[in-house]
Amino acid sequence: MFPNEILSLVKDILKKSNIEKTVVIDYSKTSDHLMHYDSKNDQINIFPTKIHELVDHIGISIEAMVEISTCHEIGHVIDICSNGHTYELQLQAYKEKIEEAHRNEQYEWESLKNIQELNDHCERIAWGIGKEYVSPDRVDDYELVRRVITSI
Ligand SMILES: [Zn+2]
């Protein structure tokens, strides 16, 4: 599937879900993401290389993979739209502690752990919300993808 076909498929899924976001193809080869919701610019970035890689690895159709990944990002959109400010404040507090520790030539393991936990929390929430948006016949594949790409 060509990148522009992935793009229009994502747009269709968003429209059906009544979610309007700008969608951008990102050719960055270093991404670990299939897609990423960039809350600062309020847009969804797509990484076609990674999507194709995982389709080959898991053995589900590319249409299913695109739908699953889009629904997961919808989960982030909905969560961040209601809780984003809280996350930013928490993240900022942890980062300040880490910087403070660096100035004293120390490490702030607790804050690093908290950032990881905050990320895991956001991922869990997004996977949970996204599942409500995926087609019923793709729920099993949704869980499969989740297990393969996350440890949460
Ligand atoms: Zn995610």
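Not measured: the values here are computed from a predicted model. (Residues numbered from 1 in each chain as written. Predicted model: local features only at pLDDT ≥ 70, side-chain atom pairs only at ≥ 80, totals over all residues.)

Side note on the overall build of the protein
The cut-off we apply is this: Each helix is a run of DSSP H or I of at least 4 residues and each strand a run of E of at least 2, with the numbering of both proceeding from the N terminus. Put plainly, a residue is buried at 20 or more neighbouring C-beta atoms within 10 Å of its own, exposed at 12 or fewer, and partly exposed in between, counting only other residues' C-beta atoms, which are placed from the backbone. We call two residues in contact when their backbone-placed C-beta atoms lie within 7 Å.
Across its full length, the protein holds five helices and three strands. When the helices and strands of the protein are listed from N to C terminus, the series reads α-β-β-β-α-α-α-α. Classification of the 152 residues of the protein by burial places 24% in the buried group. Restricting to contacts in the protein with at least 6 residues of sequence separation, those with at least 24 account for 56%.

Let's talk about unusual backbone geometry
Although it is not a glycine, Asn18 sits at a positive phi angle of roughly 60 degrees. Tracing the chain through its elements places Asn18 in the loop between helix 1 (3–16) and strand 1 (22–25). With a phi close to 55 degrees, Glu105 is a non-glycine residue in the positive phi region. Following the sequence through the fold, Glu105 ends up in the loop between helix 3 (62–103) and helix 4 (109–131). For Glu105, a count of 6 C-beta atoms within 10 Å corresponds to the exposed category.

A word on the sheet that holds strand 2 (residues 35–38)
Formally: Pairing between strands requires that DSSP locate at least two bridges from one strand to the other. Fitted lines through C-alpha atoms serve as axes, helices being fitted only where they are in contact, and the angles separating the N-to-C directions of these axes extend from 0 to 180 degrees.
Spatially, the three strands line up as an open sheet ordered 1-3-2, and their pairing is mixed. Looking at the sheet topology across the chains shown, the edges are occupied by strand 1 and strand 2. Each adjacent strand pair in this sheet contributes to an overall mean axis angle of 25 degrees, direction not counted. Of the pairings in the sheet, the one linking strand 1 to strand 3 (residues 43–46) comprises four bridges and is parallel in character.

A few points about the packing of helix 3 against helix 5 (residues 139–149)
We count it as follows: Just so you know how the angles are binned, under 35 degrees is roughly parallel, over 145 roughly antiparallel, 65 to 115 roughly perpendicular, and the rest oblique. Note that Gly is not counted as nonpolar here; it falls among the polar residues with everything else outside the nonpolar set of Ala, Val, Leu, Ile, Met, Phe, Trp, Tyr, Cys and Pro and the charged set of Asp, Glu, Lys and Arg.
Packing of helix 3 against helix 5 leaves a shortest axis separation of 10 Å and a crossing angle of 75 degrees. Looking at the two axes, helix 3 sits roughly perpendicular to helix 5. Across the interface between the two elements, Ala64, Met65 and Ile68 from helix 3 touch Asp141, Tyr142 and Val145 from helix 5. Class assignment of the residues belonging to the contact of helix 3 with helix 5 gives a composition of five nonpolar, no polar and one charged.

Honestly, that's just the spatial picture; any functional story needs more than this.
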